[in-house]
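Each chain, letter by letter, is given below.
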Amino acid sequence: MRQWAFLKKPYYTNKTQMVYKIMVHEMKKYALVYLYCEKDAVMSSYDHWYPDLESALEDWDDEIDSEGWHEIGDPLPDCQDDGIVPVRVKGRSENNPQWGNFEILKDGVWTDYKI
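Conventions we followed
- Residues numbered from 1 in each chain as written.
- Predicted model: local features only at pLDDT ≥ 70, side-chain atom pairs only at ≥ 80, totals over all residues.
- Heavy atoms only, no water.
- Salt bridge = Lys/Arg side-chain N within 4 Å of Asp/Glu carboxyl O.
- Helix = DSSP H or I, 4+ residues; strand = E, 2+ residues; numbered from the N terminus.
- Buried < 20%, exposed > 50% of the residue type's maximum accessible area, 1.4 Å probe, protein only.
- Contact = heavy atoms within 4.5 Å.
- Pairing = 2+ DSSP bridges.
- Polar contact = N/O pair within 3.5 Å; in protein donor to acceptor, adjacent residues only side chain to side chain.
- Phe/Tyr/Trp six-rings, centres within 6.5 Å; stacked < 30°, edge-to-face > 60°.
- Lys NZ or Arg CZ within 6 Å of the ring centre and 35° of its normal.

A. Geometry of the pattern of salt bridges. For the coordinates displayed, the defined rule picks out two salt bridges. The salt bridge partner of glutamate 103 is arginine 88, with a shortest N-O separation of 2.6 Å. Taken together, the residues glutamate 103 in strand E7 (residues 102–106) and arginine 88 in strand E6 (residues 87–89) connect sequence positions 15 residues apart. Judged by its relative accessible area of 10%, arginine 88 is buried. When the shortest N-O distance is used, the salt bridge between aspartate 112 and lysine 90 registers 2.6 Å. One end of the pair, aspartate 112, is in strand E8 (residues 109–113); the other, lysine 90, is in the loop between E6 and E7, and 22 residues separate them in sequence. Among the residues examined, lysine 90 registers a relative accessible area of 25% and is labelled partly exposed.

B. Region of interest: the environment of proline 75. Tracing the chain through its elements places proline 75 in the loop between strand E5 (70–72) and E6. Residue class for proline 75 comes out partly exposed when judged on its relative accessible area of 24%. Each C-alpha atom of the pair proline 75 and asparagine 14 lies 28 Å from the other, and the pair is 61 residues apart in sequence. Discounting chain neighbours no more than four positions away, the residues touching proline 75 are Arg2, His25, Gln80 and Asp81.

C. A look at the pairing of E7. As defined by bridge partners, E6 adjoins E7 across three bridges and the pair is classed as antiparallel. Within E7, the position partnered with valine 87 by the bridge is isoleucine 104. With five bridges joining them, E7 and E8 adopt antiparallel strand pairing. Within the sheet, the bridge partner assigned to phenylalanine 102 lies in E8 and is tyrosine 113.

D. Spotlight on the environment of tyrosine 34. Relative to the helices and strands, tyrosine 34 is located in strand E3 (residues 31–36). Relative accessible area serves as the criterion here: at 5%, tyrosine 34 is assigned to the buried category. Put simply, tyrosine 34 and alanine 56 are 22 residues apart on the chain and 11 Å apart in space, counted from C-alpha to C-alpha. Each residue touching tyrosine 34, except ones within four places of it in the same chain, is listed here: Lys21, Ile22, Met23, His25, Ser44, Tyr46, Asp47, Asp81 and Asp82. Engagement of the side chain of tyrosine 34 in a polar contact is seen with the side chain of histidine 25, the distance being 3.3 Å.

E. Quick peek at the packing of aromatic side chains. Enumeration according to the criterion identifies three aromatic pairs in this entry. Taking the centre distance of 6.4 Å and the plane angle of 35° together, the rings of tyrosine 30 and tryptophan 49 count as tilted. Taken together, the residues tyrosine 30 in the loop between strand E2 (18–26) and E3 and tryptophan 49 in strand E4 (residues 46–50) connect sequence positions 19 residues apart. Since its relative accessible area comes to 55%, tryptophan 49 is described here as exposed. Its guanidinium or amino end placed over the ring of tyrosine 36, lysine 21 lies 5.5 Å from that ring's centre, counting from NZ or CZ. Above the ring of tryptophan 110, the side-chain terminus of arginine 88 is found at 3.7 Å from the ring centroid.

Geometric descriptors of this kind do not, in isolation, establish any biological role.
Structure, rendered in structure tokens:
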């Protein structure tokens, strides 16, 4: 299960980057919270590990804006877990990953994507 939300108030994660939205991703044995440093980012910049979904939500529920959580499906095969939309490492589906090069699924077609 994955769900994302904008924060009520962005905060500095370091001296230059601010976090605007988060995604909570429940895995089998733990949960991750991905942090996004652009309002329109589709891939995260940072993440936090939690032992379970309840712990993650306990830390973040009071920080999300009035729109609340937006549920999204699990990532497609070979796609990034933190991708709000389907994004994958180019060549990963052919067992020939081109690390640092990505593609995004738009209108049913995989196209190059620049971060």
